[in-house]
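So you can see what is in the structure, the chains are spelled out below.
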Amino acid sequence: MRKQKRQKFSEIKAGLDDAESLIRKMDLEARSLQPNVKAVLLAKLREYKSDLNNLKSEHKRLASANSNQAAREDLLESGMADAMSVSANQRGRLMMSTERLNESSDRIKESRRTMLETEELGVSILQDLHQQR
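Residues numbered from 1 in each chain as written. Predicted model: local features only at pLDDT ≥ 70, side-chain atom pairs only at ≥ 80, totals over all residues. Heavy atoms only, no water.

Any chance you could explain the overall build of the protein here in plain terms?
Counting its regular elements, the protein contains two helices and zero strands. Split into buried and exposed, the 133 residues of the protein put 8% on the buried side. Of the contacts formed within the protein by residues at least 6 apart in sequence, a portion of 62% connects residues at least 24 apart. Counting only carbon and sulfur atoms, one obtains 57% of the accessible surface of the protein, whose full area is about 11600 Å². (Helix = DSSP H or I, 4+ residues; strand = E, 2+ residues; numbered from the N terminus. Buried < 20%, exposed > 50% of the residue type's maximum accessible area, 1.4 Å probe, protein only. Contact = heavy atoms within 4.5 Å. Areas by Shrake-Rupley, 256 points an atom, 1.4 Å probe, with all protein chains shown as cover.)

Looking at this structure, I do not really get a nonpolar patch on the surface. What am I missing?
A surface patch of nonpolar side chains, about 410 Å² in accessible area, is lined by L121, I125, L126 and L129. Position of L126 relative to the elements: it lies in helix α2 (residues 35-132). (Patch = residues over 30% accessible without salt bridge, like charges linked within 9 Å, V, L, I, M, F, W, Y side chains within 5 Å. Salt bridge = Lys/Arg side-chain N within 4 Å of Asp/Glu carboxyl O.)

Before we go on, may I ask you to explain the nonpolar core in this structure?
When a protein is soluble and globular, its nonpolar side chains tend to lie buried together. Counting six residues, the largest nonpolar core consists of L16, I23, A30, L42, L45 and L52. Of all elements in the fold, only α1 (2-31) and α2 reach the threshold of two or more residues within this core. In contact with I23, other than residues within four places in its own chain, are L45, Y48, K49 and L52. (Core = buried A, V, L, I, M, F, W, Y, C linked by side-chain atoms within 4.5 Å.)

Would you explain the side chain of D27 in this entry?
Along the chain, D27 falls in helix α1. Using a relative accessible area of 10% as the deciding quantity, one classes D27 as buried. Residue contacts for D27: discarding those within four places in its chain leaves L42, L45 and K49.

Before we go on, may I ask you to explain the pattern of salt bridges in this structure?
Two side chains that carry opposite charge are able to pair once their charged atoms sit near each other. The tally for this structure, following the rule as stated, stands at nine salt bridges. As a salt-bridge pair, R113 and E117 come within 2.4 Å of each other at their nearest N and O atoms. Separated by four residues within a single helix, R113 and E117 lie in helix α2, roughly one turn from each other. On the basis of relative accessible area, E117 is assigned to the partly exposed category, the value being 45%. Look at the salt bridges and you will find they share partners, linking E20, R24 and K56 into a network.

Everything listed is a geometric property; what it means functionally is a separate question.
Rendered as structure tokens:
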């Protein structure tokens, strides 16, 4: 796919170069004609040059964007294997952390339950002592 794109960009570049060469030849030929015909042809050639410059700019912009995209794809392809192993490693660490968090939550719940039982026992003892007075 990328090879086809590169080939098409090369073909377009060659076409633009050919067009520029033809416009130069037409310019030289138009300058050698009679003044009344020469003015009309030179005006037309200025339009052609302007169009050609716009096409060159567009080609350059697209070629640059394509080059950036190709570099990005290469980078992503080479980093994909690394990303997969990093992702698996991160997933494993995340699962271990989640398990530790769940265990800690369970210990906190158990400690809270023990604390409430102890508090109830203390209140009961204080009530018993108060009644014994």
